Amino acid sequence: MVKVFLTGTGLYTPPHSISNEELVRSFNDWVAQYNDQHKTDIEAGKLEPLQPSSVEFIEKASGIKSRYVMDKEGILDIKRMMPYLPERADGEPSLQCEMSVEAAKEALAQAGKTAADVDAVILACSNFQRPYPAVSVEVQAALGIEGFAYDMNVACSSATFGIQAAFNAIQAGSAKSVLVINPEICSGHLNFKDRDSHFIFGDACTAVLIESESVVTDSKGHFELLGTKLSTNYSNNIRNNFGFLNRCDERTEFSNDKLFRQSGRKVFKEVTPKVASLIQSHVHEQGVEMSDVARVWLHQANGNMNRLIAQKLFGKEVTDQQSPTILDTYANTSSAGSIIAFHKYKDDLNAGDFGVICSFGAGYSMGSVVVKRH
Ligand code: COA
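Within each chain, residues carry numbers counting from 1 in the order of the written sequence. The predicted origin of the model limits local features to residues at a pLDDT of at least 70 and limits the giving and counting of side-chain atom pairs to 80 or more, whereas totals for whole chains, interfaces and linings rest on all residues. Side-chain measures were taken over the full set of non-hydrogen atoms in the model, leaving aside hydrogen atoms and water.

## Overview of the site of the ligand
Link 1 in the chain: Proximity is defined per residue: if any heavy atom of the residue lies within 4 Å of a molecule or strand, that residue is considered near it. Every one of the 19 residues lining the ligand counts as a neighbour, but Ser53, Arg195, Gly264, Arg265 and Asn302 are closest to it.
Link 2 in the chain: Polar contacts, as used here, are pairs of N or O atoms within 3.5 Å; protein pairs need one atom able to donate a hydrogen and one able to accept it. Residues neighboring in sequence count only if both atoms are side-chain atoms. With respect to the ligand, the backbone of serine 54 contributes an N or O atom lying 3.1 Å from a nitrogen atom.
Link 3 in the chain: Strands here mean DSSP runs of E at least two residues long; helices mean DSSP runs of H or I at least four residues long; both are numbered from the N terminus. For the shell around the ligand, the secondary-structure elements that each account for two or more residues are helix H3 (55-62) and helix H8 (264-285).
Link 4 in the chain: Take the shell around the ligand: its biggest share by element is four residues, from H8.
Link 5 in the chain: Of the residues that constitute the shell around the ligand, the class distribution is nine nonpolar, seven polar and three charged. Note that Gly is not counted as nonpolar here; it falls among the polar residues with everything else outside the nonpolar set of Ala, Val, Leu, Ile, Met, Phe, Trp, Tyr, Cys and Pro and the charged set of Asp, Glu, Lys and Arg.

## Some details on the nonpolar core
Link 1 in the chain: Put simply, a nonpolar core is a bunch of buried Ala, Val, Leu, Ile, Met, Phe, Trp, Tyr and Cys residues held in one set by side-chain atoms that sit within 4.5 Å of each other. Accessibility here uses a 1.4 Å probe with only protein chains present; expressed as a share of the type maximum, an area under 20% marks a residue as buried, one over 50% as exposed, and anything in between as partly exposed. Ranked by internal contacts, the top residues of the largest apolar core, which has 49 residues, are Ile279 and Val293.
Link 2 in the chain: Among the secondary structure elements, those contributing two or more residues to this core are helix H1 (20-37), H3, H8, strand E11 (293-298), helix H9 (303-314), strand E12 (354-361) and strand E13 (365-373).
Link 3 in the chain: If one sorts the elements of this core by residue count, H8 sits on top with six residues.
Link 4 in the chain: Note on definitions: a residue-residue contact is assigned when non-hydrogen atoms from the two residues lie within 4.5 Å. Residues contacting isoleucine 279, with those up to four places away along its chain left out, are Met290, Leu298, Leu313, Val356, Cys358 and Ser368.
Link 5 in the chain: One finds Leu6, Leu11, Ala165 and Ile326 within the second-largest nonpolar core, a separate group that totals 36 residues.

## Examining the side chain of histidine 299
Link 1 in the chain: Locating histidine 299 in the fold gives a position in the loop between E11 and H9.
Link 2 in the chain: Here phenylalanine 360 takes part through its backbone oxygen, which lies 3.2 Å from a polar atom of the side chain of histidine 299.
Link 3 in the chain: For histidine 299, the contacting residues outside a window of four places in its chain are Cys156, Asn306, Asn332, Ser334, Ser338, Cys358, Ser359 and Phe360.

## Comments concerning the pattern of salt bridges
Link 1 in the chain: We define a salt bridge as a contact between a side-chain nitrogen of Lys or Arg and a carboxyl oxygen of Asp or Glu at a distance within 4 Å. Scanning all chains against the criterion turns up 10 salt bridges.
Link 2 in the chain: Here lysine 72 makes a salt bridge to glutamate 22, at a shortest N to O gap of 2.9 Å. Taken together, the residues lysine 72 in the loop between strand E3 (66-69) and helix H4 (73-76) and glutamate 22 in helix H1 connect sequence positions 50 residues apart.
Link 3 in the chain: Note on lysine 72: relative accessible area 21%, which makes it partly exposed.
Link 4 in the chain: On the basis of relative accessible area, glutamate 22 is assigned to the partly exposed category, the value being 23%.
Link 5 in the chain: The salt bridge involving glutamate 285 is made with lysine 229; its shortest N-O contact spans 2.6 Å. A residue pair is termed long-range when its members are at least 10 positions apart, and glutamate 285 in helix H8 and lysine 229 in strand E8 (residues 223-232) qualify at 56 residues.
Link 6 in the chain: Of the residues examined, lysine 229 reaches a relative accessible area of 22% and is grouped as partly exposed.

## Quick word on H1
Link 1 in the chain: If you check H1, its first and last C-alpha atoms are 25 Å apart, about what 18 residues at 1.5 Å a residue would give, namely 26 Å.
Link 2 in the chain: Looking only at H1, the buried set comprises Asn20, Leu23, Val24, Ser26, Phe27, Trp30, Val31 and Asn35. In a view along the axis of H1, the buried residues occupy a sector of 165°, so they form one face of it. Structural note: H1 exposes Arg25, Asp36 and Gln37 on the side pointing more than 90 degrees away from its buried face.
Link 3 in the chain: Packing partners of the buried residues in H1 comprise strand E2 (16-19), helix H2 (39-43), H3, E3 and H4. Helix span, expected: 1.5 Å multiplied by one less than the number of residues in the helix. In this description, one arc is meant: the one made by directions from the helix axis to the C-beta atoms.

## Thoughts on the pairing of strand E1 (residues 4-12)
Link 1 in the chain: With respect to burial, E1 is a largely interior element, nine of its nine residues being buried.
Link 2 in the chain: Strand pairing follows a simple DSSP-based rule, namely that at least 2 bridges must link the two strands. For E1 and strand E7 (residues 203-212), the ladder comprises eight bridges, and the chain directions are antiparallel. Bridged to leucine 11 within E7 is threonine 206.
Link 3 in the chain: One ladder, built from two bridges, connects E1 with E8; its direction is antiparallel. Each bridged residue has a counterpart across the sheet, and for leucine 6 the counterpart in E8 is phenylalanine 223.

## Brief notes about unusual backbone geometry
Link 1 in the chain: Cis geometry marks the peptide bond from tyrosine 132 to proline 133; its omega dihedral reads -5°.
Link 2 in the chain: With respect to the secondary-structure elements, proline 133 resides in the loop between strand E4 (120-124) and helix H6 (135-143).
Link 3 in the chain: Of note, the phi angle at methionine 81 is positive, near 55°, even though the residue is not glycine.
Link 4 in the chain: As for its position among the elements, methionine 81 is in the loop between H4 and helix H5 (95-111).
Link 5 in the chain: Methionine 81 sits in the buried class, given a relative accessible area of 5%.
Link 6 in the chain: Look at serine 334: it is not a glycine, yet its phi comes out positive at around 50°.
Link 7 in the chain: With respect to the element layout, serine 334 can be found in the loop between helix H10 (327-330) and helix H11 (336-344).

## A few points about the pairing of strand E6 (residues 177-185)
Link 1 in the chain: For E6, the buried fraction is high: nine of the nine residues fall into the buried class.
Link 2 in the chain: Alternating positions in E6 separate into two faces, Ser177, Leu179, Ile181, Pro183 and Ile185 on one and Val178, Val180, Asn182 and Glu184 on the other, with burial throughout.
Link 3 in the chain: Alignment of E4 against E6, held across four bridges, turns out to be parallel. Paired with leucine 123 across the two strands is isoleucine 181, which belongs to E6.
Link 4 in the chain: Pairing of E6 with E7 involves nine bridges; the strand directions are antiparallel. Within E7, the position partnered with leucine 179 by the bridge is leucine 209.

## Quick word on the packing of aromatic side chains
Link 1 in the chain: Aromatic pairing here means that ring centres of Phe, Tyr or Trp (its six-membered ring) are within 6.5 Å. Orientation follows from the plane angle: under 30 degrees is stacked, over 60 is edge-to-face, and everything else is tilted. Following the criterion strictly, the structure yields nine aromatic pairs and no others.
Link 2 in the chain: With a centroid separation of 6.3 Å and 90° between ring planes, the pair formed by phenylalanine 223 and tryptophan 297 is classed as edge-to-face. Taken together, the residues phenylalanine 223 in strand E8 and tryptophan 297 in strand E11 connect sequence positions 74 residues apart.
Link 3 in the chain: Accessibility expressed as a relative area gives 0% for tryptophan 297, which makes it buried.

All quantities given are derived from atomic positions and should not be read as evidence of function.
Have a look at this one:
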């Protein structure tokens, strides 16, 4: 086995933040307008009135207080309720390329490496803004990297699945230094008119540099990847039917199922125990006890869910130190979430400390990465 290290992380945070108060005000204005416009049918009992959203519900049910987005104005405009992200010409850098380059540059700088040191780029996220040419190849060109690049999508678990792909490429000898980037523009697939989910997502991009020991001159301070473990079980409880065949049926081309939807409660109940047992078994397989794990960087979808998972893992209520939260200010940034938590809360760990990066989401899909600080 070749030793593999995570030597750098980067984060791109979009320029605008939307608080729950702002989001709920806009949603409720839209609901009032809708109910007013459909007053006659509602009074005649032909139509159910829409219900308002509430800041208190959002914070209590999810732990989310605000989210960063690529465009705030379009989302809050009740005539629109989606970000305004004008299409760019083929010759211009795509949005996902721009955010990827920002995050990648920070990861490279942190690792003390340049584009010349990297030989593969994996873009792993929930939504790509086009099918081809692969956005990763555009990012590779924008950074000036030789070698190869590819896109992959395993929804919220894309980061850990991407890290496993990088780990395997290094073990197989097909690369020595791999950038794994997660450019998530979740506001593009979120239905801001859906009360159950309008508050869930935010936008962000993360990057990690994964390297073979053969190109790491001094491992001090870096995180060794002891191993990765992935798991998938088919479920329709988180689903998005957007795809290239949508245009082949005009009746349903733009229907709401072409955006994110979920049965949140079912997801909560079904995924929580699966994640806890994945991490437990993975840590055990690595010859590590949970009592030796200093920190878990969990997927950031729901604060209550993370509290329960951490409790199951450690056998007691845990501190923010043991399981840091970023979803209060970032919301659910899909695959970027656990990496944002890692990026922000890793530097205080001591040499010899163990940790687990874990993502989970649609599929269902789950990934665990056990790390040890040098
Ligand atoms: N404002 C006010 N009330 C709301 C509301 C809103 N925005 N959205 C839903 N409600 C109401 C519901 O109508 C329901 O009312 P009822 O009890 O009268 O029927 C009540 O609040 C509870 O709704 P429910 O959907 O059961 O809430 P919840 O406690 O399960 O929380 C989630 C919803 C989405 C926050 C939560 O289920 C969750 O985060 N699940 C995990 C999702 C996940 O991890 N996904 C993977 C990553 S994508």
